[in-house]
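So you can see what is in the structure, the chains are spelled out below.
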Amino acid sequence: MKINKLYRLFTLMCLAVFCFCGIATAQTKGKEIKATVVDEQGNPLSGVTVFAPDGVQSSTDVNGQFKINVPNNEAVAIHKKGYESELISVSDIAGAITLEKSPFLASEDDEIKMGVVTKDRRDIIGAVSSINTKDRLTYDNTQWVRDYINGLTLGVRGSDNVRGLGNAVFVIDGVFGRDPNILNMEEVEQITVLKDANSVALYGSQGRNGVIIINTKRGKVNRKEVKVNVRSGIRVPLALPNYLGSAQYMELFNEGRNNDGLGDFYDPALIQDFKSSSNRYKYPDVDFYSNEYIQSFVNNTSIISEFSGGGDKSQYYVNVGWNRDQDWVKTNPDANAGSNRFNVRGNIDFKVNDWITSSLDGIAIITSNKSALTNLLTAGTSFKPNAYAPLLPVNLVDTAGNPELAALLASAGKYGGMLLGGTQQFQNDTPIANIIAGGYQNNVFRSTQFNNAINFDLSRITEGLSAKTYLSFDFYDSYRLFNENDYRVYEPTWADDRIVGLTPYGNPDLKDLTENVSSNGFVSRLGFYGLVNYQNNITKNSSINTTLLGYYNSQKSDGIIQTDKDAHLGFQMTYDFKKKIFADFSGAYTHSIKLPEGNRGGLSPTLGLAYVLSEDSFLKDSKFVNYLKLKATGGIIKSDLGITANNANDSNYYLYDENYSEGSNFTWADGNSNRRQNLSQGANPNMGFEERIDLNIGLETYLMNSLWLEFNYFNTELDKQLTFLNDKYPSYYNTFRPYDNFNKNLYTGFELGMDFKKTFNDFSVGIGANILYSQTEALKRSETNEFAYQNRVGRELSTIFGLVDEGFYSQADFDGNGNLNTGLAVPNFGAVQPGDIKYIDQNGDAIIDNDDNVAIGQSSSPFTYGVNLNLKYKAFNLFILGTGQTGGEGNKLGNNFNNYYGVNGNDKYSEVVLGRWTPATAATATFPRLSSQTNQNNFKTSTFWLYDTSFFEISRAQLTYEFSDDLCNKIGLDDFSLNLSGTNLFEVAKNKDIRQLTIGGTPQSRAYTLGLRMSF
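Keep in mind that this is a model prediction, so the values were computed, not measured.

Centre distance and the angle of the planes are the two values used to describe a pair of aromatic rings. Using the criterion set out here, one finds 44 aromatic pairs in the structure. Each ring, one from Tyr-388 and one from Phe-426, has its centre 5.8 Å from the other, and the planes form 40°; the classification is tilted. Taken together, the residues span a long stretch of sequence, with Tyr-388 in the loop between helix H7 (376–379) and strand E22 (391–393) and Phe-426 in the loop between strand E23 (418–420) and helix H9 (431–437) at a distance of 38 residues. Here the aromatic cluster, defined as three or more aromatic residues joined through ring pairs, consists of Tyr-243, Tyr-289, Phe-897, Tyr-900, Tyr-901 and Tyr-947. One cation-aromatic arrangement involves Lys-780 over Phe-742; the distance from NZ or CZ to the ring centre is 4.6 Å. Directly above the ring of Phe-951 sits Arg-995, whose terminal nitrogen or CZ lies 3.8 Å from the centroid.

Below, the structure is given as structure tokens:
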């Protein structure tokens, strides 16, 4: 296939580039250079690192002196934290080398790469938070980017929800909209979150919900490095579903039948046989979540290698990785083989001439997940424990005197001495048989990404002028390789504990020798932006930094006719006075093809102001306050991000136009027929952008040379959101209603972050914490509810509406004929009995129906927080990350629980029904009475089914030991460390048992991993 050839070609290119770079940096020994490095006052600087070509390096002594071998006509890179780095040609080294001290928050380590522009942390006005992964990965060796964001980044709920607004757009290496799931953390250099309108303005419509920027690593001048990270560990399930066994299920199902007045379904004698017999094939008790079918733990292994280096003309970075995850299902490990992920990245930077530099990045990733055709974790939610025995031992088949049975047995497929079990009723529902004999499937996902940037230094035109072009192309595709075999299952006839007959169902055993292929779809994306930047001093004390950006992005998806397109012009102008007073005017002019002609353009202006108070005389020399900045931003972001159809099957385009479709035929009286034309929406030629109206007030401060604090208050309105108006048109006009810009939401809250670091001799401590409070409110809705308590206006956006329960009906609530007593409201959801849930009649009409639904909770937690602790003593380092949330509720009847808690009618019984209501347990029951029929009353969304989702957990912890420099030098390594880490280690929660349970899918797990990191 062509795509496979592309992957092979790209891999060869990466290897060739690596080899080329290695050859290019293999220089002759050169001559020895001696020099002294001093500060601006002429004082010698010790601990300055000097990097020469081919990875050779040295450092200055207490006198600021160093010596190093450097080839002729080459340059050395000089670096010390807190000072401006220098790249000096050997021929220019004469006398002492002077390094300038970097202003606070304006050093090389304080550069914030904001996607399309780069700024020093000191110069940023908006609400921006950033994490550099340098050094952190040694003691916090997590694998995936989303895990790293969650709990460590201020203002983010989970891994991508900024301030509760919704999913932020990811910008990876300057490319808008890329998926962070394809990255491993070893590739990442910096993660930055842009939260307020002023900071996201350059990103146009796509930046409405915030922007999360990820920059990958790049090669550095004269710094040749090889790094290897090996991790291997196990994962154990936090919880697995607990369904009742056969005898208990049969007894309770009979109880439900009796509650319905239908009598026993299972004979009590049969139930007793299930209880007492040791023949589990004749009286099966099947649990697909037991150790018989599910691994008690699974293995995980990953190996990642990094190669970087280069000289002053070109630099390279290569990342190659493999990750292997074992499948949880132990039945047929050949089919349930698990997943493999391979990745290769190459980032190349090179100098074209004195005024043009360029970069070329390429990424290729292929992930395969091989499994059986039946998902046992899903099948286990509905497969009854007493249905049949999935496997039948051959040695229990009695063929004596029965040649026909002997012949049938001889021709039957046998698997480890077992026959595949089944019944006439379940011949098409045989999960174990399908896993063992049905075949396999291998779902393959491939990702290819290319970027090319060209940077132009236009200072020859005017000082401070530069330009950049950026072109990117992504292609994602997924396909399924599968093999489907025919097989037979057998229903046994028992005589005592011997099988005396077998009834076959299905086609004769036949293996499909052809591997079939089907496409799961593709996505291709093409993006381009160009920008011009001008940065210069206006006067001695003031400077200006301006950027003009043009952006275009298009994305084509398989099966979608309309190509998604985004385009905008962005502009930014920042003025500063003495690096003390800052003003920023940023915005975008957005174009959208989702809107009608004449309304497709929208201007998004923002303004930001900041004042560095610590530069004033009364704080300038303060030993307590090292740095203090006050800031405020506001603006309007116009976006089409929320212009989406109410129906998921409809396109998000042409929502401003009438929507016609062909309907059914009808016949006239004369016998002629015509086809109806259906109209599902009217036209709105005035449809416009939705608007984010934003205000942010904050401060940043650094205290006592050890404590960093950041605070932001935010007030955001999302206005002119698209909806159908209910109060403008009569109900019979529903199909003619157009979409209108009407709904309005409010998001308010604050975020507070702190980072404390202190060193005491051989011991150092780091404490970090962040908290986000984000509360929402529906400010404007088109509502026609009869009862005001059902209106959404004024309520939290995630408000859960349902009935309020009053416990269970008691026997005293009914008369002798089983009718509700006079004065009790009558449910409109079917007849009720003692043990059914009783609800409050909210409107006093003596009927319980949907008019009695009220606000009973909210699914979103307004408070989310993270805390991290880093303790280092000599060679040992302990890192702990805790995360939590509070204030939200969950619904046990949600689809993710797959009827586990809402056991209704003929559903499989889980452990929750043990708390069922009976006359004997009326005072302590935690579950309604059992019924074999579908119960419309008990399984309505109500306070009975809500649970508190608040929790605090130790998300991960890692103990690291770093070997000494002497040992590393002896074995030829720069760094060498071992680590032991764990994830999901501990949780405090009122409803931990509910939170940790996943029904019908991959279980939540606790992981223990041993890791090894080394660099050469």
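A separate point is the sheet that holds strand E4 (residues 65–70). Judged by pairing direction, the sheet is mixed, and its three strands sit side by side in the order E4-E1-E7 without closing on themselves. Two strands in the sheet have a free side with no partner beyond their single neighbour: E4 and strand E7 (97–98). Of the pairings in the sheet, the one linking strand E1 (residues 31–38) to E4 comprises six bridges and is antiparallel in character. Following the sheet pairing, Glu-32 is matched in E4 by Asn-69.

Reading across from one edge, E10-E15-E16-E13-E14 is the order of the five strands in this open sheet, with mixed pairing throughout. For this open sheet the edge positions go to strand E10 (128–132) and strand E14 (175–176), each flanked by a neighbour on one side alone. Sheet analysis places strand E15 (residues 188–194) next to strand E16 (residues 211–216), joined by six bridges and oriented antiparallel. When the bridges of E16 are listed, Gln-190 appears paired with Asn-215.

Turning next to unusual backbone geometry. Unusually for a residue other than glycine, Lys-579 sits at a positive phi of about 50°. Along the chain, the position of Lys-579 falls in the loop between strand E30 (564–577) and strand E31 (581–591).

On to the confidence of the model for the chain, then. Here the chain averages 92 in pLDDT, while 97% of its residues score no lower than 70. Segment residues 9–28 is flagged for pLDDT under 50; beyond a separation of four residues in sequence, or across chains, it makes 23 contacts in the model.

Oppositely charged side chains can form a pair if their charged atoms are brought close together. Applying the stated criterion to the full structure yields 41 salt bridges. Asp-474 is paired through a salt bridge with Arg-178; the nearest N and O atoms lie 2.5 Å apart. With Asp-474 in strand E25 (residues 465–484) and Arg-178 in the loop between E14 and E15, this pair connects stretches of sequence that are 296 residues apart. As far as burial versus exposure is concerned, Asp-474 and Arg-178 are alike and both buried. Linking Lys-872 and Glu-962 is a salt bridge whose minimum nitrogen-to-oxygen distance equals 3.0 Å. Within this pair, whereas Lys-872 is found in strand E46 (residues 863–873), its partner Glu-962 is found in strand E50 (residues 951–962), the two being separated by 90 residues in sequence. Its relative accessible area of 25% is what places Lys-872 among the partly exposed residues.

Conventions and cut-offs
- Residues numbered from 1 in each chain as written.
- Predicted model: local features only at pLDDT ≥ 70, side-chain atom pairs only at ≥ 80, totals over all residues.
- Heavy atoms only, no water.
- Phe/Tyr/Trp six-rings, centres within 6.5 Å; stacked < 30°, edge-to-face > 60°.
- Helix = DSSP H or I, 4+ residues; strand = E, 2+ residues; numbered from the N terminus.
- Lys NZ or Arg CZ within 6 Å of the ring centre and 35° of its normal.
- Pairing = 2+ DSSP bridges.
- pLDDT = per-residue confidence, 0-100.
- Contact = heavy atoms within 4.5 Å.
- Salt bridge = Lys/Arg side-chain N within 4 Å of Asp/Glu carboxyl O.
- Buried < 20%, exposed > 50% of the residue type's maximum accessible area, 1.4 Å probe, protein only.

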